[in-house]
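This is what each chain is made of:
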Amino acid sequence: MKKLLKGIFILIIIFSLGLNVILLNERKNYSNDCEAVDIKDTTKDENNKTKNIKLTKDGFARQFKEYQSKSKLANSDAVVVWDVTKLIEVGYFKSNETKKLYYVTEKYSCMEGTDCIKASGKVDTDAEYNNVTTFVVAATPVDETSTIFEILDYSIEKNDDFQKINPVEVK
């Protein structure tokens, strides 16, 4: 009987390790499969000349996840799946037209629980037990590799400085 229990225990451990390897590979594949879609923004260089900054959806997602990690809004070591699934530009700020407002929808799964990413709003769980939340984010690109982010709430759209546009989904 003890040999049977040991055998079952060893099979469970092997199965668990295999499942972890599969989940880590899926996490890697999610970050490598993002589409490259341009977000065109303009900003001023040191001579006050306008220059175009092109961010891809993948670049925006990578920078936003880095911002969340550095700001301690996410524990990247505890996240199994972490992907920006939808990026929608909804407007800009009149005082700084390079500062755009986006709805950023993230899908994530934690190793334990749901608190590896601090969401400011509602968190839904899909059929695959991934958490889905949407952030209201003001983003001001500095250059192709850095962007200043601010996580806001929907009330920012009532601000006089905000100019709403027809929502554009970045694909």
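All of these numbers come straight from a predicted model, not from anything done at the bench.

## Quick word on the confidence of the model for the chain
Here is step 1 of the chain: For the chain, the mean per-residue pLDDT works out to 81, and 79% of the residues sit at or above 70.
Here is step 2 of the chain: The spread of mean pLDDT over the elements of the chain runs between strand 1 (residues 38-44), the lowest at 46, and strand 3 (residues 79-93), the highest at 94.
Here is step 3 of the chain: Within the model, the stretch residues 30-43 combines pLDDT values under 50 with 45 contacts to residues more than four positions away or in other chains.

## Observations concerning the pairing of strand 7 (residues 146-152)
Here is step 1 of the chain: Across 7 bridges, strand 6 (residues 131-143) lies against strand 7 in antiparallel orientation. The residue of strand 7 that forms the bridge with Asp143 is Ser146.
Here is step 2 of the chain: Hairpin remark: strand 6 followed by strand 7, antiparallel, with 2 residues in the connecting loop.

## Thoughts on the environment of Asp115
Here is step 1 of the chain: Residue placement: Asp115 occurs in the loop between strand 4 (96-110) and strand 5 (123-125).
Here is step 2 of the chain: Measuring from C-alpha to C-alpha, the distance between Asp115 and Asn75 comes to 8.6 Å, with 40 residues separating the pair along the chain.

## Focus: the state of the cysteines
Here is step 1 of the chain: With the rule as written, the count across this model stands at 1 disulfide.
Here is step 2 of the chain: Paired through a disulfide, Cys110 and Cys116 show a sulfur-sulfur distance of 1.9 Å. An S-S torsion of about -75 degrees defines the bridge between Cys110 and Cys116 as left-handed. The same class applies to Cys110 as to Cys116, namely buried.

## Re the nonpolar core
The nonpolar side chains of a soluble globular protein tend to be buried, and buried together.
Here is step 1 of the chain: Residues Phe60, Phe64, Val104, Tyr108, Cys116 and Ile117 are the most contacted members of the largest nonpolar core, which totals 20 residues.
Here is step 2 of the chain: Ignoring anything within four residues of it in the chain, the contact list for Ile117 reads Gln68, Leu73, Ala74, Val79, Trp82, Glu106, Tyr108 and Phe135.
Here is step 3 of the chain: In terms of nonpolar packing, the next biggest core, distinct from the first, is built from 9 residues, Phe93, Val136, Ile156 and Phe162 among them.

## Here's the deal with the packing of aromatic side chains
Here is step 1 of the chain: Counted under the stated rule, the structure contains 8 aromatic pairs.
Here is step 2 of the chain: Each ring, one from Phe64 and one from Tyr67, has its centre 6.1 Å from the other, and the planes form 25 degrees; the classification is stacked. Of this pair, Phe64 and Tyr67 both sit in helix 2 (residues 57-70), 3 residues apart, which is roughly one turn of the helix.
Here is step 3 of the chain: For Phe64, a relative accessible area of 0% puts it in the buried group.
Here is step 4 of the chain: Owing to a relative accessible area of 23%, Tyr67 belongs among the partly exposed residues under this scheme.
Here is step 5 of the chain: Every member of this aromatic cluster is reached through a ring pair, and the members are Phe60, Phe64, Tyr67, Tyr102, Phe135 and Phe149.
Here is step 6 of the chain: Positioned over the ring face of Trp82 is Lys65, at 5.7 Å from the centre of the ring.
Here is step 7 of the chain: One Lys or Arg, Lys99, reaches over the ring of Phe93 and ends 5.0 Å from the middle of that ring.

## Examining the side chain of Thr105
Here is step 1 of the chain: When you line up the elements, Thr105 lands in strand 4.
Here is step 2 of the chain: In contact with Thr105, not counting residues within four places along its chain, are Asp83, Val84, Thr85, Lys86, Val132, Thr133 and Thr134.

## A word on unusual backbone geometry
Here is step 1 of the chain: One non-glycine residue, Lys72, lies in positive phi territory at about 60 degrees.
Here is step 2 of the chain: Structurally, Lys72 is set in the loop between helix 2 and strand 3.
Here is step 3 of the chain: Using a relative accessible area of 66% as the deciding quantity, one classes Lys72 as exposed.
Here is step 4 of the chain: You will see that Tyr129, though not glycine, has its phi angle at about 65 degrees, which is positive.
Here is step 5 of the chain: Structurally, the position occupied by Tyr129 is in the loop between strand 5 and strand 6.

The rules we used
- Residues numbered from 1 in each chain as written.
- Predicted model: local features only at pLDDT ≥ 70, side-chain atom pairs only at ≥ 80, totals over all residues.
- Heavy atoms only, no water.
- pLDDT = per-residue confidence, 0-100.
- Helix = DSSP H or I, 4+ residues; strand = E, 2+ residues; numbered from the N terminus.
- Contact = heavy atoms within 4.5 Å.
- Pairing = 2+ DSSP bridges.
- Disulfide = S-S within 2.5 Å.
- Buried < 20%, exposed > 50% of the residue type's maximum accessible area, 1.4 Å probe, protein only.
- Core = buried A, V, L, I, M, F, W, Y, C linked by side-chain atoms within 4.5 Å.
- Phe/Tyr/Trp six-rings, centres within 6.5 Å; stacked < 30°, edge-to-face > 60°.
- Lys NZ or Arg CZ within 6 Å of the ring centre and 35° of its normal.

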